[in-house]
Structures are given as structure tokens and as C-alpha cells.
Amino acid sequence: MSQSHLQTDGLLFEEKPLHVPTLSELKKVIQGALNGNFASVHVSVGPCPDLKDSQFGLVKSGLGGKPTLLEAGGPPYLRPLVQREKLYNLKEITRKAQGPGQIFAVGPGAGPWPIRHSNCEGIFNFSLNEKDELKQGSYTATVRGDQEECVLERIPENEPRCALILNLFLSEGKPGDVLRISAKQRTGEENFVDCIRKGLEQHYGDKVVGLGGIFVVRKGCVHQHVMRDFSKTPIHTQEQIQQWLKFYEMPAQLNAVGTLVTKDMGLDLRLQHFHSFSFENWGGHYHYDTTPDVVEYEAYLNVAERVIRVDRPVVTDQLGRD
Ligand SMILES: [Zn+2]
């Protein structure tokens, strides 16, 4: 695919600071929020486990150093018809956001459609060293064939692009303390991410807090979507979006990477967004678990110091944000 699809020059970058509570304060707020929604909850502050371990499958060990939320593009670029030229160079935008040094990026987005010849989900997990060399651990999930199977594939090592939508948690990948969260057996109606985010929003109000990292679904099944190929007919309504998405019940183990933030800060931020990969053929966008009696979540999250918004859609709405 020609480089003409890369849109890197002239992108608008906007930055705002976030409120940064201590991890021990966040621990109490999150424990309180999850207690109302899960039978067994344990939240602690402690060293991040080595996220390079095979059970996690990430390319760097920790979530420490210059913790930042980065959002590029957004769902409005898919509608009414896709803007195919919205391809972002992950190396360039994360370098511009973070400056020199190591960069570790995890989070959801739209996969680079040219390599799949189809729209697809992106589950991003990559690092850049000081020399700008890319290490890719990212995946795409694509709806394939007459049976509409979910197909999970690794993104090639030299592929630097994503498309349309991106929510990354950026850091230097350093070891260090994180929030360690265990929540088992869901007793309330809220999904795991909603529960944490709403608890933080209720507590912090107009002081905006952002988190990111990984959660692992150890047991149970989750309702997830994978975007089908770009719609050939215009999409205008939430109903049309629901029809266009392909939904699956995906079994554990699923490793979900992403971000949450309590308010949109006038930057048209997506308030929560997690995509997961598996060690089988499953991957997609997390909505909620479907097995409350057995579900087990385990999360490692760090608090971000700032938000960077890249290429914010000028014409926007709230469709397709859940
Ligand atoms: Zn998504």
C-alpha cells in the first residue's frame, strides 16, 4: 500500500493535564466502587508484575514513566462512510507525544486495514526504543468468511500504522507501583470498566482522572464486538452501527488493554475503551461479561498525568462510544 495513505503531517495535537491522585487514594475509591458490583474485591498498590511474562504477552515489563493517555481520531471518521485516508503512523505520533527515550504503548484502535484488505480491530501493544526501532506485539481481529469467523492475527514487526480510532496508554514501560485489582463474581449490573470509571467520576467530580493498562479475564465469557468491513451504505444511527458490528461471546482467557477517563475535557475523548486478545483466535472490543457467577477479572493499571488528543474530529456526536 502506498505511503500516500499515511496522514502524519499537519495533524492537530492538543494537550491537557489530568488530576493525579496517589495510587493509595485511588485504591480506596476503586475498592469502594467495585465492592458494590462484585462479591469478591481486592485492590492493592504494589509492583507491576512482569507484563512480558507469557501469561500477559506484552512487549514491556511495566507501566511506569511519563504516563499519558493518547487518543487519535474517533468513531465519527467511520460515518456516514469511512474516511480511508485516516491512517496514523504510531511511531510518529507516539514520539511526538512522548519526546525522546523509551515508549511503551498499549490500547485499542482500528487495525491498519491495508494489511488485511478489510476493516479490523486493532489490539495495540508495541514499544519504541531510543533509536525509534519498533517492537510489535500488536494484533488485529477481523471478521472473515461466510461463517463470519473472528480471526486474530499478529501485526507484522515493521508495520507502523493504525486507522481511524486509537486510545493508547503511553509510558516508558518501567517497572514500578501500579493498582492491582482483583474482582470476582459480579453481583451488580455494571461492567468492570464502567464500575471503576463511574466510581472515580463520582468521587473526583470536575477533577479529571485517567487510567490505563491491562485487565485479564481469567474466567467466564465476555460480550465483545469486531467491526465488519467498512459499510458500503451510509451509517447514520446507533441501530445501523449495531447491525454493522459483529458480536461474539468470547471465552477466557482474554487480555484487554486500554484506557479510561472520567470526563471528556472538551477534547471529545472516548471515556473508556478496551480491546482484548487471546492465545486462541479471539480478539475484540470489550462490552461486558455474560457469566456473572464465575467471572474473574485481574487488572494492572497506572494513573496518567496528561491527555494528548490527536486529529480530533471537528464534526462529532456520541454514537458508537460504548
Ligand atoms: Zn473498540
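Residues numbered from 1 in each chain as written. Predicted model: local features only at pLDDT ≥ 70, side-chain atom pairs only at ≥ 80, totals over all residues. Heavy atoms only, no water.

Novice: Account for the pattern of salt bridges, with residues named and values stated.
Specialist: Evaluation of the coordinates by the stated rule reveals 19 salt bridges. In this structure, Arg144 and Glu153 form a salt bridge, with 4.0 Å as the shortest nitrogen-oxygen distance. The salt bridge involving Glu172 is made with Lys174; its shortest N-O contact spans 3.0 Å. Since its relative accessible area comes to 16%, Glu172 is described here as buried. Judged by its relative accessible area of 43%, Lys174 falls in the partly exposed class. (Salt bridge = Lys/Arg side-chain N within 4 Å of Asp/Glu carboxyl O. Buried < 20%, exposed > 50% of the residue type's maximum accessible area, 1.4 Å probe, protein only.)

Novice: Now, about the coordination of the zinc ion: what can you tell me, with residues and values included?
Specialist: Under perfect tetrahedral coordination by four donors, a metal shows angles of 109.5 degrees; under perfect octahedral coordination by six donors, it shows angles of 90 or 180 degrees. Around the zinc ion, the donor atoms from the protein are His273 (NE2), His275 (NE2) and His285 (ND1), and they sit 2.0 to 2.1 Å away. Each donor residue of the zinc ion lies on the same chain, and together they follow the pattern H-x1-H-x9-H. For the residue pair His273 and His275, the accessibility class agrees, reading buried in each case. (Donors = N, O, S within 2.8 Å, 3.2 Å for Na, K, Ca; no water.)

Novice: Please provide a residue-by-residue account of the nonpolar core, values included.
Specialist: In this structure, Leu34, Phe192, Leu200, Leu211 and Phe215 are the most contacted members of the largest nonpolar core, which totals 66 residues. Ignoring anything within four residues of it in the chain, the contact list for Leu200 reads Leu26, Val29, Ile30, Gly205, Val209, Leu211, Leu260 and Thr262. By size, the runner-up hydrophobic cluster in this structure holds 35 residues, among which are Val82, Leu90, Ile103 and Cys162. (Core = buried A, V, L, I, M, F, W, Y, C linked by side-chain atoms within 4.5 Å. Contact = heavy atoms within 4.5 Å.)

Novice: Describe the side chain of His285, naming the residues involved and giving the relevant values.
Specialist: You can see His285 is positioned in strand β17 (residues 283-289). Within polar-contact distance, the side chain of His285 engages the backbone oxygen of Asp322 at 2.9 Å. The residues contacting His285, other than those within four sequence positions of it, are Glu121, His223, Gln224, His225, Arg270, His273, Phe274, His275 and Asp322. (Helix = DSSP H or I, 4+ residues; strand = E, 2+ residues; numbered from the N terminus. Polar contact = N/O pair within 3.5 Å; in protein donor to acceptor, adjacent residues only side chain to side chain.)

Novice: Give me the confidence of the model for the chain: which residues, what numbers.
Specialist: Looking at the chain, the pLDDT average stands at 96 and 97% of residues meet or exceed 70. Ignoring residues within four places in sequence, the model shows residues 1-7, a span with pLDDT below 50, making 15 contacts including any to other chains. (pLDDT = per-residue confidence, 0-100.)

Novice: Any details on the sheet that holds strand β14 (residues 245-251)? Residues and values, ideally.
Specialist: The strands making up a sheet are joined through hydrogen bonds of the backbone, oriented either antiparallel or parallel. Within the open sheet, the nine strands sit side by side as β2-β11-β18-β12-β15-β16-β17-β13-β14. Their pairing is antiparallel. Each of the sheet's edge strands pairs with one partner strand only, and the pair in question is β2 (38-47) and β14. Strand-to-strand twist of the sheet, defined as the mean angle between neighbouring strand axes without regard to direction, takes the value 30 degrees. By the bridge criterion, six bridges tie strand β11 (residues 177-186) to strand β18 (residues 296-303) in an arrangement that is antiparallel. Considered in β18, the bridge of Ser182 is made with Glu298. Its contacts with the sheet put helix α4 (residues 192-204) on β2, β11, β12 (210-219), β15 (254-261), β16 (272-277), β17 and β18, and the angle it makes with β15 is roughly 25 degrees. (Pairing = 2+ DSSP bridges. Axes fitted to C-alpha atoms, helices over the stretch in contact; angles between N-to-C directions.)

Novice: Got a sec to walk through the packing of aromatic side chains? Specific residues and values, please.
Specialist: Counted under the stated rule, the structure contains 13 aromatic pairs. Ring geometry for Phe215 against Tyr286: centres 5.1 Å apart, planes inclined by 80 degrees, an arrangement best described as edge-to-face. Here Phe215 is found in strand β12, whereas its partner Tyr286 is found in strand β17, with 71 residues between them in sequence. Exposure class is identical for Phe215 and Tyr286. Each is buried. Taking the centre distance of 5.7 Å and the plane angle of 65 degrees together, the rings of Phe215 and Tyr297 count as edge-to-face. (Phe/Tyr/Trp six-rings, centres within 6.5 Å; stacked < 30°, edge-to-face > 60°.)

Novice: Mind laying out the side chain of Arg95, listing which residues take part and the relevant values?
Specialist: Here Arg95 is to be found in helix α2 (residues 90-98). You can call Arg95 buried: its relative accessible area is 16%. A distance of 2.8 Å separates the side chain of Arg95 from the backbone oxygen of Asn129, its partner in a polar contact. Separated by 2.8 Å, the side chains of Arg95 and Asp132 make a polar contact.

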